[in-house]
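Fold and contact review
Each chain is listed here by its residues.
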Amino acid sequence: WALWCDYRICTDWNGTKMGLPEVKLGLLPGFGGTQNLMKVVGVPAALDMMLTGKDIRPDKAKKMGLVDLVVSPGSLQTVATKCASDLSTGKLKTTGKKNWLTTLQNKILEETSIGRNKMLSEAKKKWLIKILGVNILPLMPS
């Protein structure tokens, strides 16, 4: 559900982790998880999360754009209420725009045949490593 939100806040508690745990069970992420995740963190990071099911810690989530703010657990309710108020009045703007490098990288990956082939090759390699435990692509004929 969080991927549908305009602004995401998480805590720096050591038990906080984000990700797509359903892929560890062989299930596709629901509620637009695959589509929205790519828009939020970019294609390469989204593919990695979708194919591996890795948990993302708060500091990395902030760097990759998965969350907008990381706060201490004790201040979460106060900060969230303040952010909601500031968002509603326009004092706080959402960070919906990706930086130009991420946007360019996504365009190249999504809109060129070389980019799509590279993305598919990487996805296939990660999938095979996940399923078989080894990278057999160098052993396979082209």
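Preceding this section is the structure that the text describes.
All of the points below concern the structure found in this document. Just so it is clear, the structure is predicted and the values come from calculations on it, not from any experiment. (Residues numbered from 1 in each chain as written. Predicted model: local features only at pLDDT ≥ 70, side-chain atom pairs only at ≥ 80, totals over all residues. Heavy atoms only, no water.)

Remarks on the overall build of the protein
Helices and strands together make up the secondary structure of the protein, namely six helices and two strands. Overall, the protein shows an N-to-C arrangement of helices and strands of β-α-α-α-β-α-α-α. Carbon together with sulfur atoms contributes 62% to the accessible area of the protein, which is approximately 9700 Å² in total. (Helix = DSSP H or I, 4+ residues; strand = E, 2+ residues; numbered from the N terminus. Areas by Shrake-Rupley, 256 points an atom, 1.4 Å probe, with all protein chains shown as cover.)

So, the nonpolar core
By size, the foremost hydrophobic cluster in this structure holds 16 residues, and its most contacted members are L37, V41, M49 and L66. Those residues in contact with L37, other than ones at most four positions away along the chain, are L3, L20, G32, G42, A46, M49, M50 and L66. (Core = buried A, V, L, I, M, F, W, Y, C linked by side-chain atoms within 4.5 Å. Buried < 20%, exposed > 50% of the residue type's maximum accessible area, 1.4 Å probe, protein only. Contact = heavy atoms within 4.5 Å.)

Remarks on helix α1 (residues 33-41)
Residues spaced three or four apart along an α-helix face the same direction, because each turn holds 3.6 residues. Within the sequence span of α1, burial applies to G33, T34, N36, L37, V40 and V41. Buried residues along α1 cover an arc of 165 degrees about the axis, so they all sit on one side. Buried positions along α1 lie against α2 (43-52) and α3 (58-64). G42 sits one or two residues past α1 and shows a positive phi near 95 degrees. (Arc of directions from axis to C-beta.)

Structural notes on the packing of α1 against α2
It is the contact of α1 with α2, at a shortest axis distance of 7 Å, that shows an interaxial angle of 135 degrees. Between α1 and α2, the crossing angle belongs to the class labelled oblique. The hand of the α1/α2 crossing is right-handed. The segment α1 lies against α2, with T34, L37, M38 and V41 engaging V43, A45, A46, M49 and M50. Residue composition of the contact of α1 with α2, by class: eight nonpolar, one polar and no charged. (Axes fitted to C-alpha atoms, helices over the stretch in contact; angles between N-to-C directions. Parallel < 35°, antiparallel > 145°, perpendicular 65-115°, else oblique. Left-handed = near helix turned anticlockwise from the far one by under 90°. Nonpolar A, V, L, I, M, F, W, Y, C, P; charged D, E, K, R; others polar.)

A few points about the pattern of salt bridges
Applying the stated criterion across every chain yields a total of five salt bridges. For D55, the salt bridge identified is with K24, shortest N-O distance 3.7 Å. Remark: K24 occurs in the loop between β1 (9-11) and α1 and D55 occurs in the loop between α2 and α3; sequence separation between them is 31 residues. D48 serves as the salt-bridge partner of K54, at 3.7 Å between the closest nitrogen and oxygen. On the basis of relative accessible area, K54 is assigned to the partly exposed category, the value being 44%. One salt-bridge network, in which partners are shared between bridges, spans K17, K24 and D55. (Salt bridge = Lys/Arg side-chain N within 4 Å of Asp/Glu carboxyl O.)

Points about the packing of α2 against helix α6 (residues 113-132)
For the pair α2 and α6, the least separation of the axes is 10 Å and the interaxial angle reads 25 degrees. The orientation of α2 relative to α6 falls into the category roughly parallel. Crossing handedness for the pair α2 and α6: right-handed. Contacts from V43, L47, D48, L51 and T52 in α2 reach M119, A123, K126 and K130 in α6.

Digging into the side chain of T16
Position of T16 among the secondary structure elements: in the loop between β1 and α1. In this structure T16 comes out as buried when scored by relative accessible area, which is 13%. Separated by 2.8 Å, the side chains of T16 and T11 make a polar contact. Not counting residues within four places of it along the chain, the set of residues in contact with T16 comprises C10, T11, R57 and P58. (Polar contact = N/O pair within 3.5 Å; in protein donor to acceptor, adjacent residues only side chain to side chain.)

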